[in-house]
Structures are given as C-alpha cells and as structure tokens.
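# Observations on the three-dimensional arrangement
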Amino acid sequence: MAGEFAGDNTPELLSIVHDITGMCVGGGGSSSLTADAMFRKDCTDLVRRISLLSHLFEEIKELNKVNGSPSSSSSTALEDSWSSDLILALQSAKRLLSVAKNFSSNSNNSSDGAAKTIIFQFQCVTWKLEKLLSSLPYDDLDISVEVKEQVDLVRTQLRRATDKYGFMISKMPSYDLSQPLAQEISQVLGKSVSGLHKQHSCPENLSELGSIPKSNEGKSCSPCGAGSRLERTRSIHASSEVSLSILTVPKSQEISGSTNIPEDKKPEAIVIPEDFLCPISLELMRDPVIVATGQTYERSYIQRWIDCGNTTCPKTQQKLQHLTLTPNYVLRSLVSQWCIEHNIEQPTGLTNGKIKKSDGSFRDVTGDIAAIETLVRKLSCRSIEECRAAVAEIRLLSKRSTDNRILIAEAGAIPVLVNLLTSEDVMTQENAVTSILNLSIYENNKGLIMLAGAIPSIVQVLRAGTMEARENAAATLFSLSLADENKIIIGASGAISALVELLENGSPRGKKDAATALFNLCIYQGNKGRAIRAGIITALLKMLTDSSKSMVDEALTIMSVLASHQEAKATIVKASTIPVLIDLLRTGLPRNKENAAAILLALCKRDTDNLSCISRLGAVIPLSELARTGTERAKRKATSLLEHLRKL
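Residues numbered from 1 in each chain as written. Predicted model: local features only at pLDDT ≥ 70, side-chain atom pairs only at ≥ 80, totals over all residues. Heavy atoms only, no water.

### Side note on the environment of leucine 439
Inspection of the secondary structure puts leucine 439 in helix α14 (residues 426–440). You can call leucine 439 buried: its relative accessible area is 0%. Distance in space between the C-alpha atoms of leucine 439 and asparagine 404 is 8.7 Å, their sequence separation being 35 residues. Leave out the neighbours within four places in its chain, and leucine 439 touches Ser398, Arg405, Ile408, Ile414, Leu417, Asn445 and Ile449. (Helix = DSSP H or I, 4+ residues; strand = E, 2+ residues; numbered from the N terminus. Buried < 20%, exposed > 50% of the residue type's maximum accessible area, 1.4 Å probe, protein only. Contact = heavy atoms within 4.5 Å.)

### Points about α14
Spanning 15 residues, α14 covers 21 Å between terminal C-alpha atoms, matching the ideal 21 Å at 1.5 Å per step. By the criterion of burial, α14 is predominantly enclosed, with 13 of the 15 residues buried. (Expected span 1.5 Å × (residues − 1).)

### Section: the pattern of salt bridges
Going through the model one piece at a time under the given rule, you end up with 18 salt bridges. Ionic pairing is found between glutamate 485 and arginine 48, a salt bridge with its closest N-O pair at 3.2 Å. Placement of the pair is glutamate 485 in helix α18 (residues 484–491) and arginine 48 in helix α2 (residues 40–67), with a sequence separation of 437 residues. In terms of burial, glutamate 485 and arginine 48 fall into one category: buried. The partner of lysine 446 in a salt bridge is glutamate 443, with the nearest N and O atoms 3.6 Å apart. In this pair, lysine 446 and glutamate 443 both sit in helix α15 (residues 443–451), 3 residues apart, roughly one turn of the helix. Judged by relative accessible area, which is 33%, glutamate 443 ranks as partly exposed. Linked by salt bridges that have partners in common, Glu130, Asp152, Arg155 and Arg159 make up one network. (Salt bridge = Lys/Arg side-chain N within 4 Å of Asp/Glu carboxyl O.)

### As for the sheet that holds strand β2 (residues 296–298)
The strand order across the open sheet formed by 3 strands is β2-β1-β3, and the pairing between neighbours is antiparallel. Of all strands in the sheet, those bounded by a partner on one side alone are β2 and β3 (326–327). Judged from the 3 bridges that link them, strand β1 (residues 288–290) and β2 form a sheet pairing that is antiparallel. Directly across from isoleucine 290, in β2, lies its bridge partner threonine 296. (Pairing = 2+ DSSP bridges.)

### A few points about unusual backbone geometry
Positive phi outside glycine occurs at glutamine 317, with the angle close to 65 degrees. Inspection of the secondary structure assignment puts glutamine 317 in the loop between α8 (299–307) and β3. One non-glycine residue, lysine 549, adopts positive backbone phi at about 55 degrees. Among the secondary structure elements, lysine 549 is positioned in the loop between α22 (536–545) and α23 (552–562).

### Regarding the side chain of histidine 565
Tracing the chain through its elements places histidine 565 in the loop between α23 and α24 (566–574). You can call histidine 565 buried: its relative accessible area is 14%. Filtering out sequence-adjacent residues up to four positions away, histidine 565 remains in contact with Gln525, Lys528 and Gly529.

### Quick notes on the confidence of the model for the protein chain
For the protein chain, per-residue confidence averages 76 on the pLDDT scale, and residues scoring 70 or more make up 74% of the total. For the protein chain, per-element mean pLDDT is lowest for helix α7 (residues 179–189), which scores 43, and highest for α14, which scores 96. This stretch, residues 1–6, has a pLDDT under 50; its non-local contacts, to residues over four places away or in other chains, come to 8 contacts. Every residue in residues 69–75 scores below 50 in pLDDT, and together they form 6 contacts with partners more than four places removed in sequence or on other chains. (pLDDT = per-residue confidence, 0-100.)

### Re the packing of α22 against α23
Two elements in contact, α22 and α23, have axes whose closest approach is 8 Å; the angle formed by their N-to-C orientations is 145 degrees. For the pair α22 and α23, the crossing hand works out as left-handed. Contacts between α22 and α23 involve Ile536, Ile537, Leu540, Met543 and Leu544 from the former and Val552, Glu554, Ala555, Leu556, Ile558, Met559 and Leu562 from the latter. Of the residues assigned to the contact of α22 with α23, the class counts are 11 nonpolar, no polar and 1 charged. (Axes fitted to C-alpha atoms, helices over the stretch in contact; angles between N-to-C directions. Left-handed = near helix turned anticlockwise from the far one by under 90°. Nonpolar A, V, L, I, M, F, W, Y, C, P; charged D, E, K, R; others polar.)

Next comes the structure, spelled out in structure tokens:
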C-alpha cells in the first residue's frame, strides 16, 4: 500500500488500538457500560492504557515516513520482532476485553472459578504488554521525550495492575478451571493453562510456573494542587492552599501486590492511616469533603450533622462560616490508591438496580433509574427547549450526590452530554459542561468521560464559551487531570494555551480554576514546555506584581513546579522575575517566602550568573532571616541557597 514501508507494522498496531478504544466508545453510547459490574473497571482501565499507546505508534509511523524503509535487514528484523509481538499482545487484549464484557456474574453457568480465570487473563495480558513495552528499542526508534514519558507511565500502571491481579488471585478460593474456559485462555494467550489458578504472578513462559520478581518501581504519587470544587463552590478553598508540595503515599503505607503470603500464615491486620478516618464515624472515608474550618469528614456523616441543625465543626467546635462541603479530591485519590495497594474493596456502583451505601446496606434505585433514563433520552430530542430543560435537570441531579453521578453515567448520559458541548444554545452548552464537571467527581466516571472523547469539546468551550462555561470547563480539566494518563492527553489537546489565556483575562474565579488546572497539568514534565510556549511566565509575573496580590500564592506555586525545567528557567530569568522574587523574600507571607526561596534555588543551581545576580540584588539578608525564622521547608531552601552563595 502506498505510504507504508516494508517492516512497518505501525498501521496495523494503530488499527488494533483504535478497535480496542472503539469497544468502549462505539455504538452511540458508552458500550463499556454493558460489561458486567465485576470487570467494568478492569475493561475501562485496560482500554485507557492501550489508547495512550496510539501516540507512540503514530510517532513511529511518521518517523518511518520521513526516514523511509529500514535500510538493513537486521533493523527490519528488529522492528518486525517487537511490532509483531505487540500485535499479538494487543490482539490478546482485544479478545480478553470481549470475553470480560460478555461475562455475567448472574449467569447460572458462571462461578468464582470463571471469574478467577478472567482475572488471570487480565494479569497475563497486562504483564505481557508491560514486558514488551520495557524491551522496545527506544534509542533506535528515536521517539520524543514526551512520548517516552508517556510509555513509562503506561508501563508503571500495567506493572501495578499485574501485581494487583496476582494478589487478587492468591486471595480467591481455589477452583479447578473448567475446560471451556481453559480453552478460551489458551486461545487468548496461546499457552497451556493447566494449573494456572495456583499462580500468584505471571511467568515469562506461561507453560512454566516460575515466579516473576516483584518490582518496587512505579510507586504512584497523587498530585496535590488545590481544594477543587463541586460546580459552584470555590475552586481554591481558603484552608487548602493551591499547593506547597506534591503529596506522595508514604512508603510505610505501600505494599507490593506481588508479595506472596505463605498459606500457613495469616496476613497481619491492616492499619488504616489516621488521616483516612472520618472524625465522626472513625471509618475509612470514601467521599471526603472539607468544611469551612478546613477539617475533612465523610460526606454522608457531616451532611447528617448539618441536617440535624448543627452549625459548628464537630472536631474543633468552631462555628461554620458557611455550610458548603468542598470535595477533597487529593485525599480521596490517596484513599483510593491505598485501597488498591492493600486489596481493600472500593465503593461499588450499580448492581441489579441497587446501590451500596456507606454503611454497607443497599438502596433500591430502580425508580431513580427510570426517571434518569427518561431525562437522558430527552437530551437527544430535537426540541431545543426540551433538551435545555433536561440538561439543566441533569446538572442539578449530578450536583446532589454520588449515587446520582453513578446512575447518570450508567444511563449512558456521558457521550450525549459531550455532544451537547458543541450546542449553539448557550445555556445548553453551559449546563452540559457543568454536568460533566459534576460527573467527573466520581472516580470511575473520569475514564468514561475521556473515552467519550470529551477533551477537544471541553477545550472548545474553554476558548469560546460564556465566562461561567469557561470557568467550569477549566475546573473539569483539573478534575480529569487528577489521573496521570489524562495529564498527557489534556496537555496534547491545546488546553494549556486556552488555560493560560483564561489565567490572564478571565474572571477572578476563572483565573483560580485555570491556575489549579495548570498546576496539575504541569506536574507532568512534557506539559511544562507547552506552558512556557503558551506564555505562562508572563501571566504569572503579572499576578506576582498585581497590586491586589490576590493570586500570589497560585503564581508562586505554579512557577515553583516549572522552575526545574530548563526552558522555563531561562524564560523566568529573561522576564526579570528574580528582583520580584527577592522582594517577596522580604515582604511576602511565610508561604510566599517559602516558594520564592524554592524558585530562586532552582534558578541558581549550577548557574553562577544567576547566583551573582541575586547576590548583587541583596538576597543574602532576607535569605539569612528566612533560614532562622521561616517554615521548615523555607529554612532548608534558604540554607541551601546561602551555601551556594558562600561558595561563589
């Protein structure tokens, strides 16, 4: 075929990736919803990870077009080898997704053994994909740094998933695999499955039952950034700074899913970190929210406290200045990751017309389902007025509770709402983007929103919508970017330049929303260059020198994330930011001084010109004062910078 070269299998790889992605977004609705509840999240997660590989294959395809066919037979054989192996692995993943989606936990023919078989298939497929991605000849392929980082992220997630499945298998009751299912695995993996139910990890040769060494790499971190909001609450809560650092799960809380536990020993009781417990119920929080005093509670318990007429904070006894409950996204992400690592059951969605409540009981929601399905059908009607009314109602319902967010997504509303983002009716568009923001708060909905291809339309709203629609589009991008892989997709969509424009020219709340989204996106290294090229340093400097000083915290926090990037470093210095930072060392709030010192230290590392500059501008005195009286982090930064100055 014209344009395709001998030894270039990337068109076929891209075709399979697109087929897999289409399994979850095709058919006029999110067909992933037809998967049984037991494997729905597994299917969505695997599809999302595979869809990220399209960037790798597209870049290789473009390089092949530029360079022509590989010149040597050895390079052709090398490319044939890795690409052919990946084709087989992706085909296996495609068949596995089909099997998992057609599985029914309610079927009379199903059993725990059948479920265990499918779990093992997920383990083998994720393990094989991770192994193949780790052995790609990156130097020979000459791919970009951004794509390498993206592939590394996918590998980390696949490795973590492999460990999780191994742990799940080891904890399930032992069943002999039925012959038909054994044959299905054999078809998918091309290997014998005799006795595979006994394995805790996936061996390189599936017919050999050796163990694979556990990996300590790829520990996840959850970006802290800002107290975000549910629709109209403030995007940056007064008690939760934009960010002073990137929160990571403490090593003491981490556990490798691939660790084998001897059968004659019972695992030790898992101690829940104190910060994860609701102060009212003393139970693990699933939907943590922040009240006006800055304390965090499980939503259902603090809501019950407020509904009983109480207007004080249960923990501090301080009067609540307002009764807004702000979702604590960062803590929820940490709790979710901790639950995954410790094999603790996550909150479940809809099952047989019932939703599991926080106390473990089930609530019948069949009436709610019927009403929501009626609303979702109206979203597609030709009458503008009827459609506008339906999306306004969806917006209200999605704001009220997690249960509603689950039911609305289950009813197939997400793809339809994404289509409404391009509506010419201003109110319809505004309500649609706000509904998606509200739905994104429920963790499982994030993947469905991404798979529905929402990002380009959200960016369009961010560029050209009403100010309220732009604010909520920015808040949606922040919510979605909490997942690491989404940072990559959003960054590549053109969203960063639109966010920088909102940061410069938006309403006060729009600027706050843009700042939180940009901070979170810039945690990913590949997005830092995009932000610099979009002019973010100019916008941040304007915020630092603004007489109102209303967004100094946000500007410094974003700049501290960018300062380690070489291109950002040069741009910050060129914009004459150093004198402004030194002035903040003298006059800023403690948090401002801390971040200013951190930025100056990043600018001066291995750069004598910048060190000489801050010395001439009189930075020694405020740094010495900060080293004595600042916060612990500020003291460390100031002391380190003073050491560099002494050496100079």
